[in-house]
Amino acid sequence: RRRKHSVGRSVLITDLDDLARSLTTGAAPFAFCGVAVSRAGQRSFAISSHRDVTRGTFWRAASISKIVVGRVAQELFGDGQTTVEEVLGQPFVSPTGQRPTLAHLASHQSGIWDNGGYLVPPDVRLSDWLDQAGAAIWSDARPGQQLIYSNLGYLILAACCERASGQPLSDLANTYVFEPHRLI
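These figures come from a predicted structure and were not determined experimentally.

**Focus on helix 6 (residues 151-165)**
(1) Moving on: Between its first and last C-alpha, helix 6 extends 22 Å over 15 residues, near the 21 Å set by a 1.5 Å rise per residue.
(2) Moving on: Those residues of helix 6 lying buried are Asn151, Leu152, Gly153, Tyr154, Ile156, Leu157, Ala158, Ala159, Cys160 and Cys161.
(3) Moving on: For helix 6, the N-terminal cap is Ser150; the gap from its side-chain oxygen to the backbone nitrogen of Gly153 is 2.8 Å.

Here it is in structure tokens:
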């Protein structure tokens, strides 16, 4: 089945209806994303206002991992009102005294920013890196007060998913994103 749907100024062409709906239904922040997926026997689909998509189309895949991590977190934690501190089992309090929730991380409203860096070396534990970074990871905003795009927030959210489930993020992504949508 080939369908066309209007998404704002964009056009959605899909044979992978379930995945497309999960990215666009009630997910305003994702309405501007470009996504291309192909699988043997099915055509690619895209959300794009600027070009036609073929199997050979190249895409800049920035922040696609946030969609995957966000979906995994939603499955594991529901409404996200659990605090980071509760999941990681270590103090995680902003300089303003508030404890950010997983929902704060997912919505980029945790008060954490990338100005202190976010590239954690593979041989360094995230908790050690956070201890070393200290207050540099925090903006002046209280959790829930201001939208501040944060790659580091999503690294922390992914770590919370792994910690709570006891599974690596790759397994969680397979279970909650790729297998249900038959992407692997």
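**Description of unusual backbone geometry**
Glycine aside, residues mostly have negative phi, and peptide bonds are mostly found in the trans state.
(1) Moving on: With a phi angle near 60°, His108 is a residue other than glycine that sits in the positive phi range.
(2) Moving on: Tracing the sequence through the fold places His108 in the loop between helix 4 (102-106) and helix 5 (126-133).

**Some remarks on the pattern of salt bridges**
(1) Moving on: On inspection of all chains with the given rule, the structure shows two salt bridges.
(2) Moving on: Arg71 is paired through a salt bridge with Glu75; the nearest N and O atoms lie 2.8 Å apart. Of this pair, Arg71 and Glu75 both sit in helix 2 (residues 64-77), separated by four residues, roughly a single helical turn.
(3) Moving on: Looking at Arg71, the relative accessible area reads 30%, which means it is partly exposed.
(4) Moving on: Look at Glu75 and you get partly exposed, because its relative accessible area is 36%.
(5) Moving on: A salt bridge links Arg99 to Glu85, with the nearest nitrogen and oxygen atoms 2.7 Å apart. With Arg99 in the loop between helix 3 (84-88) and helix 4 and Glu85 in helix 3, this pair connects stretches of sequence that are 14 residues apart.

**Notes on a nonpolar patch on the surface**
(1) Moving on: Together, Tyr118, Leu119 and Leu155 line one region of the surface with nonpolar side chains, adding up to about 290 Å² of accessible area.
(2) Moving on: Looking at where Leu155 falls in the secondary structure, it is placed in helix 6.
(3) Moving on: Leu155 sits in the partly exposed class, given a relative accessible area of 36%.

**Brief notes about the packing of aromatic side chains**
(1) Moving on: Considering all chains together, one arrives at one aromatic pair under this definition.
(2) Moving on: Ring centres 5.3 Å apart and planes at 55° place the aromatic pair Phe92 and Trp138 in the tilted group. Residue Phe92 is located in the loop between helix 3 and helix 4, and its partner Trp138 is located in the loop between helix 5 and helix 6; the two are separated by 46 residues in the primary sequence. This pair shows no difference in class: Phe92 is buried, exactly as Trp138 is.

**Description of the packing of helix 5 against helix 6**
(1) Moving on: Orientation of helix 5 relative to helix 6, taken along the N-to-C sense of each, is 145°, at an axis distance of 11 Å. Note that helix 5 runs across helix 6; the crossing there is left-handed. Contact residues: Leu126, Trp129 and Leu130 in helix 5; Leu152, Leu155, Ile156 and Ala159 in helix 6.

Conventions used here
- Residues numbered from 1 in each chain as written.
- Predicted model: local features only at pLDDT ≥ 70, side-chain atom pairs only at ≥ 80, totals over all residues.
- Heavy atoms only, no water.
- Helix = DSSP H or I, 4+ residues; strand = E, 2+ residues; numbered from the N terminus.
- Expected span 1.5 Å × (residues − 1).
- Buried < 20%, exposed > 50% of the residue type's maximum accessible area, 1.4 Å probe, protein only.
- Polar contact = N/O pair within 3.5 Å; in protein donor to acceptor, adjacent residues only side chain to side chain.
- Salt bridge = Lys/Arg side-chain N within 4 Å of Asp/Glu carboxyl O.
- Patch = residues over 30% accessible without salt bridge, like charges linked within 9 Å, V, L, I, M, F, W, Y side chains within 5 Å.
- Areas by Shrake-Rupley, 256 points an atom, 1.4 Å probe, with all protein chains shown as cover.
- Phe/Tyr/Trp six-rings, centres within 6.5 Å; stacked < 30°, edge-to-face > 60°.
- Axes fitted to C-alpha atoms, helices over the stretch in contact; angles between N-to-C directions.
- Left-handed = near helix turned anticlockwise from the far one by under 90°.
- Contact = heavy atoms within 4.5 Å.

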